[in-house]
Amino acid sequence: MAAKTRAEKMEETRVKLIAAGRKAFAEKGYVSASMDELTATAGLTRGALYHNFGDKLGLLGAVVDEIDSAMAQKAKDAGEAAGGGWNGLIAEGRTYIELALDPEIQRIVLRDGPAFLGDPSQWPSQNRCLQATIKTLNELAKNGAIKPVDIEALARLLNGVALNAALWVGTSEDPQDTLHKAIAAFECLASGVLVKPASE
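Residues numbered from 1 in each chain as written. Predicted model: local features only at pLDDT ≥ 70, side-chain atom pairs only at ≥ 80, totals over all residues. Heavy atoms only, no water.

Draft legend 1. Region of the structure containing the packing of aromatic side chains. Enumeration over the complete set of coordinates arrives at two aromatic pairs. Ring centres of Phe25 and Tyr30 lie 5.7 Å apart, and the angle between their planes is 50°; on these two criteria the pair is classed as tilted. Classification of Tyr30 as buried rests on a relative accessible area of 11%. A connected cluster of aromatic rings, assembled from ring pairs, spans Phe25, Tyr30 and Phe116. (Phe/Tyr/Trp six-rings, centres within 6.5 Å; stacked < 30°, edge-to-face > 60°. Buried < 20%, exposed > 50% of the residue type's maximum accessible area, 1.4 Å probe, protein only.)

Now the structure itself:
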């Protein structure tokens, strides 16, 4: 068996640190997670964490990116299962909001993420979601399915509604009750862009 290359070893270290960070942040929260404990759990040193992520905040950024990207992928899968197009876009938003019920997502992405990494709309994972939404909306506009409004503005607002709905659900005292209200409002607001109501 061939020896691992330097790049492979670095990637393996990075994956281990993200996994350990994810576990620690989910169980203890960002503030209480100990760098020494999480590096020891991964069988690595604090130096490895600094080398790969700069500091604990850099590791949180990588963990949030991994989880938020997985949320976006689940949303995309739901959109494809719904047949794409407008129905797919709504299914994506609904799924993203529903994922806010997951305790790990609540703690890491919806609470600690914004508190320590700042505005979620500026995260790389959210920007990738934005580009995907712009692509879908451009296709819908070409087919005359939506009103003639600026596509980027529309994509930013639709994604913002889904993100803020998820933040609301994830930080609510009664997430399940809030979820129903949030999804209903998201679908109501989003439907305003259609040339014809979805039911017609």
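Draft legend 2. Spotlight on the environment of Asp77. Residue position: Asp77 is located in helix α4 (residues 56-81). Through-space distance from the C-alpha of Asp77 to that of Ala91 is 9.2 Å; in sequence the pair is 14 residues apart. (Helix = DSSP H or I, 4+ residues; strand = E, 2+ residues; numbered from the N terminus.)

Draft legend 3. Molecular detail of helix α8 (residues 151-171). Taking 1.5 Å per residue, 21 residues should reach 30 Å; α8 reaches 30 Å between its end C-alpha atoms and fits that length. Each element contacted by the buried residues of α8 is listed here: α5 (85-98), α6 (103-117), α7 (124-142) and α9 (175-191). The backbone nitrogen of Glu152 lies 3.2 Å from a side-chain oxygen of the residue at the head of α8, namely Asp150. (Expected span 1.5 Å × (residues − 1). Contact = heavy atoms within 4.5 Å. Polar contact = N/O pair within 3.5 Å; in protein donor to acceptor, adjacent residues only side chain to side chain.)

Draft legend 4. Representation of the nonpolar core in the model. One finds Phe25, Leu59, Trp86, Ile97, Leu137 and Ile146 to be the most contacted residues of the largest nonpolar core, which totals 55 residues. Apart from residues no more than four positions distant in its own chain, Trp86 is found in contact with Leu140, Ile146, Ala190, Ser191, Val193 and Leu194. (Core = buried A, V, L, I, M, F, W, Y, C linked by side-chain atoms within 4.5 Å.)

Draft legend 5. Local environment of a nonpolar patch on the surface. A contiguous nonpolar surface patch, about 250 Å² in accessible area, is contributed by Val31, Leu57 and Phe116. Relative to the helices and strands, Phe116 is located in helix α6. (Patch = residues over 30% accessible without salt bridge, like charges linked within 9 Å, V, L, I, M, F, W, Y side chains within 5 Å. Areas by Shrake-Rupley, 256 points an atom, 1.4 Å probe, with all protein chains shown as cover. Salt bridge = Lys/Arg side-chain N within 4 Å of Asp/Glu carboxyl O.)

Draft legend 6. Structural context of helix α3 (residues 46-53). Those residues of α3 that fall on the buried side of the exposure criterion are Ala48, Leu49 and Phe53. Looking down the long axis of α3, one finds its buried residues gathered within 100° of arc, a one-sided arrangement. Those residues of α3 that are buried are in contact with α1 (6-32), α2 (35-41) and α4. Just downstream of α3 lies Gly54, where phi reads positive at about 90°. (Arc of directions from axis to C-beta.)

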